[in-house]
Structures are given as structure tokens and as C-alpha cells.
Amino acid sequence: KIEIAEATLVSSHFAVAAILLALFGAALAAVAVALVVWVSPLCAGGGLPEVKGYLNGSQIPGLFDPKALLVRFFGIIAAVCAGFPIGREGPTICLGCNLGFGAVQLLARSHARRWVNLDMSDSGCLPALMVDEERLVYAKRIGCAMGGAAGIAVIF
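Residues numbered from 1 in each chain as written. Predicted model: local features only at pLDDT ≥ 70, side-chain atom pairs only at ≥ 80, totals over all residues. Heavy atoms only, no water.

Focus: the pairing of strand β2 (residues 124-131)
Piece 1. Bridging between strand β1 (residues 113-120) and β2 involves eight bridges; their strand directions are antiparallel. Residue pairing across strands places Met120 opposite Gly124, the latter belonging to β2.
Piece 2. What sits between the antiparallel neighbours β1 and β2 is a turn of three residues. (Pairing = 2+ DSSP bridges. Helix = DSSP H or I, 4+ residues; strand = E, 2+ residues; numbered from the N terminus.)

This is how it looks when you write it as C-alpha cells:
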């Protein structure tokens, strides 16, 4: 956007370049706002209070959905490019938490489930799926914390 504004400034008038720069910023801001308002309203803000709440044991539905990951990713890019005076640290930590949570959910789910045979004296053995939910929830929290640490490491 800056190169286009500079080229317009050289070839045209200052007012045209300023209006063009303002329109680029407004368009990018509209993209960021539209993503948050219509696609994933949970992504409003930096995301650190939600992550802290999740790590303290609260269940926040939709916090780690792939849709929320994409909205945070593209929304923060559009907001920073629009020129908003915002930090990228909070959303980057939340992106890391989202990736860590997703990795644990993808990789650890098979280890927390196992099939057992229930002995039914009349009808024989029946297979049943046993899921160790406490262990899986604990692993997801650890993955979230490690992903957040990776997100803060990426910034610095």
C-alpha cells in the first residue's frame, strides 16, 4: 500500500495519494472487522484472557476450532497492515495455543482410547471403547501451554 501511495504521490497530487492510502487502510480494516463479526466473534480481542481461562479449567466452546485459527491469522494480518496501533503478541500466543491444542488432539486421541472386552455372563464378551478423558484433557492443556510458549518465542 505504501509503494502505491508513493507512486501516486510522485505522479499525481498529495491529496490523491492521501485518499488512496486511507482507502487501502479502510479496506483492510473492513476485512479484519468482517472476519471477526461474521465468521468467528470469539476472535475479538487478543485471546489471552480466553487462553488463561481455558488453562485454568474453563471450557470455552469454539476457542480452538480451525475456523478460529484462520480468522485470528488473517484478521491480525489485515489489522496490522491497515495500520491499527495493536500488538501482535496476544494473537500470536493464541495462534500457538491453537496449534498446540490441535496437535495434541490429533496425535494423542488414539493413545487415550482403547477397546476392552466386557464380560457379559449370558451373552459372552462385548467390546467397549474406553476413553481416558482426564488424561486427554490434561494433555490438551499441556499442548496449549507449549504452543503458547512457542508463539511467544516466535515473536522475540
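Back to the text.
Quick notes on the nonpolar core
Piece 1. Counting nine residues, the largest nonpolar core is built from Val51, Tyr54, Leu63, Phe64, Ile93, Cys94, Cys97, Phe101 and Cys144.
Piece 2. Among the elements of the structure, α3 (48-55) and α5 (89-112) are those that each provide at least two residues to this core.
Piece 3. Per-element accounting of this core gives the leading share, four residues, to α5.
Piece 4. Excluding its chain neighbours within four sequence positions, the residues that come into contact with Leu63 are Leu42, Glu50, Val51, Tyr54, Ala68, Arg72 and Asn98. (Core = buried A, V, L, I, M, F, W, Y, C linked by side-chain atoms within 4.5 Å. Buried < 20%, exposed > 50% of the residue type's maximum accessible area, 1.4 Å probe, protein only. Contact = heavy atoms within 4.5 Å.)

Details of the confidence of the model for the protein
Piece 1. Here the protein averages 86 in pLDDT, and 97% of its residues register 70 or above.
Piece 2. For the protein, the element scoring lowest by mean pLDDT is helix α1 (residues 2-11), at 71; α3 scores highest, at 92. (pLDDT = per-residue confidence, 0-100.)

Digging into helix α4 (residues 66-82)
Piece 1. Compared with an ideal rise of 1.5 Å per residue, which puts 17 residues at 24 Å, α4 spans 24 Å between its outermost C-alpha atoms and is within 8% of the ideal.
Piece 2. By the burial criterion, the buried members of α4 are Ala68, Val71, Arg72, Gly75, Ile76, Ala78, Ala79 and Ala82. Along the axis of α4, the buried positions cluster into a sector of 170°, meaning they face one direction only.
Piece 3. In the core, the buried residues of α4 are packed alongside α2 (14-39) and α5. (Expected span 1.5 Å × (residues − 1). Arc of directions from axis to C-beta.)

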